[in-house]
Amino acid sequence: MATADLSPPAAADERLPRGRMHLAALAAVTVAAVAFCLFLAKPFLPALTWAVALAVVAYPLHRFVARLIGNGTWAAGVSVTLVLLVIVLPILAVTAALVNQAGPAGAMVQEHVADGRWRELVSRVPYVGEHLPQIEQHVNPEQTARDVFGRLTQDFAGLLSGSAWAFLQALTAVFILFFCFRDREQLLAGLRDVLPVTRPEADRLFGKAADAVHATVFGTLVVGVLQGVTGGLLFWALGLPGALLWGVVMAVLSVLPVVGAFLVWVPAAVLL
């Protein structure tokens, strides 16, 4: 009587390493695809961040609009329009005021340089006025002023290029904001599915993230308002012209990244 062969089939031994190779290849392709998607999305991460932050902060407004309108698409469009009005109108007003002030200020600087009145102003500056003759031996202030204005004119094309990129970022943020309003529940449901936590834990995590966004945005706005109010009051107390305008400008600049209110008060301090 023949004994039964209990050894595993050879085909099973061959399928095991082959399956692991397929799994490793699939994992490598997935990592490469995710890295490529991140590479493509990296330039638009600021737009995505602003869109999500605005969606979180303005959600009560959108909820009110959606309750009035009923249609999700139309409600999202109206909410985006209201958010843009709240953001864009103050920026346009401040920009127009700055343009109106920049022309006379530039003409005044050129006039002071041309007739030599800048010497009288510089002579009043502590320490600098005492060493003005030594400074003039190494630096020609008149030529420096002309070079600065010429450089600003030459860099105008670069400024336009940066403005075009900023406009593209803003347009992308508006596009993402619309879908954050319209498809909020679907986006949150999809995010819950990929998070390795339970639904109550995911909801608690979303709540903490929303609280952090609110604290950051409103804290930044409060600090900007305080800097604008204190700067405007100081300009008014010192008798500088346009105290209200420059207070608003300082409030707006303090909210923007990289720049700040020092772009206004440092030239004012030098003038005084």
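Residues numbered from 1 in each chain as written. Predicted model: local features only at pLDDT ≥ 70, side-chain atom pairs only at ≥ 80, totals over all residues. Heavy atoms only, no water.

Peer 1: Before we move on, could you go through the overall build of the protein chain and cite the residues and values that matter?
Peer 2: Assigned secondary structure in the protein chain consists of 12 helices and zero strands. Mapped in sequence order, the helices and strands of the protein chain form the string α-α-α-α-α-α-α-α-α-α-α-α. Residue burial in the protein chain is summarised as follows: out of 272 residues, 19% are buried. In the protein chain, the proportion of contacts linking residues at least 24 apart, taken out of those at least 6 apart, comes to 57%. Accessible area of the protein chain: about 19,500 Å², with a carbon and sulfur share of 72%. (Helix = DSSP H or I, 4+ residues; strand = E, 2+ residues; numbered from the N terminus. Buried < 20%, exposed > 50% of the residue type's maximum accessible area, 1.4 Å probe, protein only. Contact = heavy atoms within 4.5 Å. Areas by Shrake-Rupley, 256 points an atom, 1.4 Å probe, with all protein chains shown as cover.)

Peer 1: Residue-level account of the nonpolar core, with values.
Peer 2: Ala51, Ala55, Val80, Val83, Leu177 and Phe181 are the most contacted members of the largest nonpolar core, which totals 13 residues. The element best represented in this core is helix α8 (residues 156-182), accounting for six residues. Here Val83 is in contact with Leu54, Ala58, Leu61, Leu177 and Phe181, once residues within four sequence places are set aside. Grouped together as the second largest cluster of nonpolar side chains are 12 residues, Val94, Phe235, Met250 and Val264 included. (Core = buried A, V, L, I, M, F, W, Y, C linked by side-chain atoms within 4.5 Å.)

Peer 1: Which residues make up the packing of aromatic side chains, and what are the values?
Peer 2: This structure, assessed with the given rule, holds two aromatic pairs. A centroid spacing of 4.9 Å and a plane angle of 65 degrees characterise the contact between Phe175 and Phe179, whose relative ring orientation is edge-to-face. Taken as a pair, Phe175 and Phe179 lie in helix α8 at a separation of four residues, close to a single helical turn. Judged by its relative accessible area of 55%, Phe175 falls in the exposed class. Using a relative accessible area of 28% as the deciding quantity, one classes Phe179 as partly exposed. Look at Phe178 and Phe179: their rings are 5.2 Å apart centre to centre, the planes differ by 85 degrees, and that puts the pair in the edge-to-face class. An aromatic cluster of at least three residues, connected via ring pairs, comprises Phe175, Phe178 and Phe179. (Phe/Tyr/Trp six-rings, centres within 6.5 Å; stacked < 30°, edge-to-face > 60°.)

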